[in-house]
Amino acid sequence: MRPRPGGGHADPVSQTSSDAIPDPVLRASGLTKRYGSRQVLHGIDLTVRRGEVYGFLGPNGAGKTTTLRIILGLVRLTAGRVRVLDGSPGSPSVLRRIGMLIESPAFYPYLSGRDNLRALARYRRLPDSRVDEVLDFVELTSSGRARFAGYSLGMKQRLGLAAALLPDPPLLILDEPTNGLDPAGIAKMRGSLRRLSDAGHTILLSSHLLGEVQQVCDRVGMIAAGRMVREGTVDELRGGRRLTVAARPLEQAREVAGRVLGTDRVSVVDGQLSLLAGDNDASRVNRALVTAGVDVSGLSWQERSLEDIFFEVTQEPALEPAGERKGTS
Ligand code: ATP
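The following refers to the structure shown. Because the structure is predicted, anything quoted here is derived from the model rather than measured.

1. Considering unusual backbone geometry
Move 1: Residues R248 and P249 are joined by a peptide bond in cis, for which omega reads -5°.
Move 2: Inspection of the secondary structure puts P249 in the loop between β10 (241–248) and α9 (250–261).
Move 3: Look at D86: it is not a glycine, yet its phi comes out positive at around 60°.
Move 4: Examined against the element boundaries, D86 turns out to sit in the loop between β4 (79–84) and α2 (92–95).
Move 5: Not every positive phi belongs to a glycine, and R125 is a case in point at roughly 55°.
Move 6: Relative to the helices and strands, R125 resides in the loop between α3 (113–123) and α4 (128–137).

In structure tokens, the structure reads:
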């Protein structure tokens, strides 16, 4: 796992102490959005620190895209406040410094990937050499001269990332950058994101793919039904491990373990004790059980994945990556 910038002064889980974070790239508070009578965001707080990769997670319809669009000034807030790169969302000076990938990027199908980027570079008064640099970065140099219409979805996404990178922006906002990609496409995108982060870019990305987020992101915010339900580093969100204990009689074992750890940290799953426990608790619980005459036949640790947490807080299963398709563009 990547070293985590700012990991030494971590937020407590499910709290955003944005005022305590020095020099944030993005600070949003109380984001509220209503479409007619329907409220889709209910006071989201979100802070992204300089140099970090922040993963924004949530099931379909949770409000991820709406939040990102508000940050980019593409959607108007009903209530709340956003400061991004020391400016207001949508202001030209801010937009110039953000690379964005929101939904499928639009390119001319009959032009090559390289010529599409050259057109964008000219519009932005950037040299053609920059086109070659970004094509190389996203590993599209060899197919840069092929027509965009023939690109796979993964290649289209990478060309979209290359376009976002043209002005070398300090902040990247990427909506589902791995959506629809196959495992090879996902791995390529992950590699690009890592290299961008290592080069000092700040990245805010939304995703359904929890394994990806776990590998790439420094901090994660989970939203469900327009509310932020958890925020923290991946380790904070996973919140310790579970200790499974096979013991008989089970009810007596539950009682003894409850006395040692507190009843709220003890449950029974599939006929075994499941304990929310720290490293030193295994021997304490085992000793107490044996002393009480309980027969203990096994103890094992279980790591909680981000997926477990996601399911707990959103009651939604994570989505599997779809196979890579030829896009229609
Ligand atoms: P997905 O992963 O499916 O893209 P999401 O988390 O990005 O979902 P949003 O696209 O932000 O979710 O949508 C949040 C809610 O707002 C959804 O219920 C959606 O139907 C609604 N919504 C989004 N845009 C509009 C709009 N222009 N008018 C009315 N409702 C909208």
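2. What about the sheet that holds strand β5 (residues 98–101)?
Move 1: Across the sheet, which stays open at both edges, the 6 strands sit in the order β5-β6-β7-β3-β8-β9 with mixed pairing between neighbours. A single partner strand is all that each edge strand has here, and the edge strands are β5 and β9 (227–233). Each strand of the sheet is rotated relative to its neighbour by a mean of 15°, with strand direction disregarded.
Move 2: Across 6 bridges, strand β8 (residues 219–224) lies against β9 in antiparallel orientation. Each residue of the ladder has a partner; that of G221, found in β9, is E231.
Move 3: Along the sheet, helix α6 (residues 183–198) makes contact with β3 (53–57), β6 (171–175) and β7 (202–207), crossing β7 at roughly 150°.

3. Structural notes on the side chain of S112
Move 1: Along the chain, S112 falls in the loop between β5 and α3.
Move 2: Looking at S112, its side chain comes within polar contact range of the main-chain nitrogen of D115, at 2.9 Å.
Move 3: When residues no more than four places from it in sequence are discounted, the contact partners of S112 are G144, R145, A146, R147 and F148.

4. Looking at the pairing of β7
The side chains of a regular strand alternate, residue by residue, between the two faces of the sheet.
Move 1: When you tally the buried positions in β7, you get 6 out of 6 residues, the bulk of the element.
Move 2: Along β7, one buried face is formed by T202, L204 and S206 and the opposite face, lined by I203, L205 and S207, is buried too.
Move 3: Relative to β7, β3 runs parallel, the two being bridged by 5 bridges. Residue V53 lies in a different strand from β7, and its bridge partner there is I203.
Move 4: With 5 bridges connecting them, β6 and β7 associate as parallel partners. Within β7, the position partnered with I173 by the bridge is L204.
Move 5: Between the parallel pair β6 and β7, the chain is carried across by α6, and the sense of this crossover is right-handed.

5. Thoughts on the sheet that holds strand β2 (residues 38–49)
Move 1: Across the sheet, 3 strands lie side by side as β2-β1-β4; this open sheet has antiparallel pairing. Of all the strands in the sheet, the pair left with one neighbour each is β2 and β4. Across the sheet, the mean angle separating the axes of adjacent strands is 15° when strand polarity is ignored.
Move 2: In the sheet, strand β1 (residues 24–35) pairs with β2 via 9 bridges, with the strands oriented antiparallel. By the bridge assignment for β2, R34 is matched with Q39.

6. So, the layout of surface pockets
Move 1: Approximately 470 Å³ is the volume found for the largest pocket.
Move 2: Around the largest pocket sit 19 residues that line it, and M100, L120, R124, A163 and A164 are the ones nearest its centre.
Move 3: In terms of residue count, β5 provides more of the lining of the largest pocket than any other element does, 4 residues in total.
Move 4: Considering only residue class, the lining of the largest pocket consists of 15 nonpolar, 2 polar and 2 charged.
Move 5: Taken as a whole, the second largest pocket encloses approximately 300 Å³ of empty space.
Move 6: Around the second largest pocket, the lining is made up of 18 residues, and of these E103, S104, D175, E176 and N179 lie nearest the centre.
Move 7: Within the residue set of the lining of the second largest pocket, elements represented by two or more residues are α1 (64–71) and α5 (153–165).
Move 8: Examining the composition of the lining of the second largest pocket, we find that 3 residues originate from one element, α1, more than from any other.

Quick notes on the rules
Every chain is numbered independently, its residues counted from 1 as its sequence is written. Side-chain atom pairs in this predicted model are given and counted only at pLDDT of 80 or more, local residue features only at pLDDT of at least 70, and totals for whole chains, interfaces and linings cover all residues. Side-chain figures throughout are based on the complete set of non-hydrogen atoms in the structure, without hydrogens or water. Only DSSP runs of H or I covering at least 4 residues are called helices, and only runs of E covering at least 2 are called strands; the numbering of each starts at the N terminus. Following DSSP output, two strands are said to pair if at least two bridges run between them. Between the N-to-C directions of two axes lies an angle of 0 to 180 degrees, each axis being a line fitted to C-alpha atoms and, for a helix, fitted only over the stretch in contact. Note on definitions: a residue-residue contact is assigned when non-hydrogen atoms from the two residues lie within 4.5 Å. We define a polar contact as two N or O atoms separated by no more than 3.5 Å, with the added condition that, inside protein, one atom must be a possible hydrogen donor and the other a possible acceptor, whereas residues neighbouring each other in sequence contribute only through side-chain atom pairs. Buried means the residue's accessible area, taken with a 1.4 Å probe over protein chains only, is under 20% of the maximum for its type, while exposed means over 50%, and partly exposed covers the values in between. Place the viewer so that the strands point away; then a crossover is right-handed whenever the path from the first strand over the helix to the second strand goes clockwise. Every definition here rests on a 1 Å grid over the protein atoms only: cavities are sets of points where a 1.4 Å probe fits but cannot get out, pockets are open sets enclosed by protein on both sides within 12 Å along at least five of seven lines, and lining residues have some atom within 4 Å of a point. Grid points are joined across faces, edges and corners, and a volume is the space filled by probe spheres set on the points. Classification used: nonpolar for Ala, Val, Leu, Ile, Met, Phe, Trp, Tyr, Cys and Pro, charged for Asp, Glu, Lys and Arg, polar for all others including Gly.

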